[in-house]
Each structure stands twice: as C-alpha cells, then as structure tokens.
Amino acid sequence: MTEANFLQASLSINSISCERDERILFKNLSFRCDSGSLLQILGFNGAGKTTLLHTLCGLRPAAEGEIQWLGTSILQNLAEYRRSLFFLGHQAPVKGHLTVRENVEWLKALHGSNPSGSVDDALEQVDLGAYSDTACYSLSAGQRRRVALAQLYLNQCPLWVLDEPFTAIDKAGVSRLSERISEHSERGGIVVLTSHQPIELSDVNLLDISRFQPSPEEQLYCG
Ligand SMILES: Nc1ncnc2c1ncn2[C@@H]1O[C@H](COP(=O)(O)OP(=O)(O)OP(=O)(O)O)[C@@H](O)[C@H]1O
C-alpha cells in the first residue's frame, strides 16, 4: 500500500461473534476504523481482547459475522490483507540465541518491511543501539519487547494491531511509543490496541467488549 493509499485505509467489523471451546466470548460486535483512527479495546481479564485481535488479523475465524478491509472480506484475499497489517502479540517474537540486530533484521524480512528502512535508526529509536551485537537471551523483558517494537520504525503497513504494546516498557519508552503510534495515525494509518495501563494517546476511541458478552441463557444455548 502506498503513502497515498494510507488515506483510504478502512477496517469494518460487522456483527462478529467469537468463541473459545464452545463458549461465546462476545457477540454482535461491530465497529469501523477509518484512516487515521486509534482504537483501544477494553475488557476484563478473559473478556476476549486477544481473541478479538487474533480474529482481526485473520489468525482465528469469527464464529459469525464478517471483517472487511477496504470494503472486501478479509477472507477473499487473506495473504494480501496480512501484507497490509503489522501484528504485535503478547509474547515478543524474539530468538534468544540471535543478537538484537539479527532479530530485528529477521523480523524485518519476515514482515516484508521497507527494504531501505534503516535497522540502525530503528535500534536507536528503541534505545537498543548499544545492544546491537548482544544475544537476546541476556536482555531484560523490556529490552526484548523493544526488539519487537523496533518493527514499528521499519514496517510500512497501514494497519497496526498491537496487543499490550506497553507491557514491560519504562516511562520514557511509553512516551516514545505513544509518539510513534500518534505519528502513524497522523500519517493516515489505523491502530487497534489493548493496554491494561492508562495510555497517553489523544483522540483514542475506546471500545469495551465486556458489553458484548452473551446472557447466561444465550451461553447455555450455544453449549
Ligand atoms: N489457548 C486457549 N485455549 C482455550 N481457551 C483459551 C485459550 N486462551 C484463552 N482462552 C480462553 O479465552 C478467553 C479469552 O481469552 P483472551 O486471551 O482473548 O482474553 P483477554 O481479554 O485478552 O484477557 P487478558 O486481559 O487476561 O489478556 C478466556 O476466558 C480464556 O479462558
């Protein structure tokens, strides 16, 4: 997707329901994110936030309903859709035996990121410049998270789906990451994220999925 096309980005969630082990987590959930929007998904532990993010990324099927990217069901061309999105999960996808630089380069290749994007610049942005040649097994939890976050300075995907991106990140890192997320949305990108910590983003829309839990009767009917 080119820079100009960032401005046409749109993600529509139409009446989806999601289940785990024949238990409905939420149902009839609909929302839409257009170019430049930030959406924070809220809900109690176990409400289904991570499940929702996985479903948005096409990693799990919705039990009902449809997800559209640019007005077309994501299932029509899942491979192309996945090239438009960057997903950061709970666990930093970092290989302990590789150095910081090797991990960032590997993740960059995996995400098909901008080939001219500078790994050195990305490492500086996440304050890992001095750790470039350090094996990741010897990093702290926050530093490992930063290795994964370096991709936010390399990928050119219009849609970012971030599961607890601020976990284990110190105060200065949270400010820098918030800035980066704002820059992405100002450029026309879309960010959908979860966070148990209060976040410093302005113009963030909130969606509490706890409100879409089925009633006990509906749950019994499903089981
Ligand atoms: N691997 C799994 N196998 C079966 N059920 C699971 C699995 N992972 C999660 N669940 C169930 O799915 C439900 C939703 O989990 P999910 O991780 O999506 O919640 P969450 O809102 O992200 O929680 P948290 O705030 O704790 O991160 C939970 O109630 C849990 O019981």
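Since we're looking at a predicted model, the values are computed, not measured.

Draft legend 1. Quick look at the site of the ligand. Around the ligand, the surrounding shell consists of Arg20, Asp21, Leu25, Gly43, Asn45, Gly46, Ala47, Gly48, Lys49, Thr50 and Thr51. If one sorts the elements of the shell around the ligand by residue count, helix α2 (residues 49-56) sits on top with 3 residues. In terms of residue class, the shell around the ligand is built from 2 nonpolar, 6 polar and 3 charged.

Draft legend 2. View of the pairing of strand β4 (residues 64-69). Sheet topology note: the strand β1 (residues 10-20)/β4 ladder contains 5 bridges and is antiparallel. What sits directly across from Asn14, in β4, is Glu66. Pairing geometry for β4 and strand β5 (residues 72-73), over 2 bridges, is antiparallel. Paired with Trp69 across the strands is Thr72, a residue of β5. From the end of β4 to the start of β5, which pair antiparallel, there are 2 residues, and Leu70 there has a positive phi angle of about 55 degrees.

Draft legend 3. Expanded view of helix α6 (residues 141-149). Every buried residue of α6 is listed here: Gln143, Arg144, Arg145, Arg146, Val147 and Leu149. For α6, the secondary structure elements touched by its buried residues are α4 (100-110) and α7 (171-186).

Draft legend 4. A look at the pairing of strand β8 (residues 190-194). Among the 5 residues of β8, 5 are classified as buried, and the element is accordingly described as predominantly covered. Judged by which residues are buried, β8 turns out to be covered on both faces: Ile190, Val192 and Thr194 on one side and Val191 and Leu193 on the other are all buried. As paired strands, strand β3 (residues 38-42) and β8 are joined by 4 bridges and run parallel to one another. Across the sheet, Ile41 pairs through a bridge with Thr194, a residue of β8. When strand β7 (residues 159-163) meets β8, the two strands line up parallel, connected through 5 bridges. Paired with Leu159 across the bridge in β8 is Ile190. In this fold, the crossover linking β7 to β8 by way of α7 has right-handed handedness.

Definitions and limits used
- Residues numbered from 1 in each chain as written.
- Predicted model: local features only at pLDDT ≥ 70, side-chain atom pairs only at ≥ 80, totals over all residues.
- Near = placed C-beta within 6 Å.
- Helix = DSSP H or I, 4+ residues; strand = E, 2+ residues; numbered from the N terminus.
- Nonpolar A, V, L, I, M, F, W, Y, C, P; charged D, E, K, R; others polar.
- Pairing = 2+ DSSP bridges.
- Buried ≥ 20, exposed ≤ 12 C-beta atoms within 10 Å, placed from the backbone.
- Contact = placed C-beta atoms within 7 Å.
- Right-handed = clockwise from strand over helix to strand, strands pointing away.

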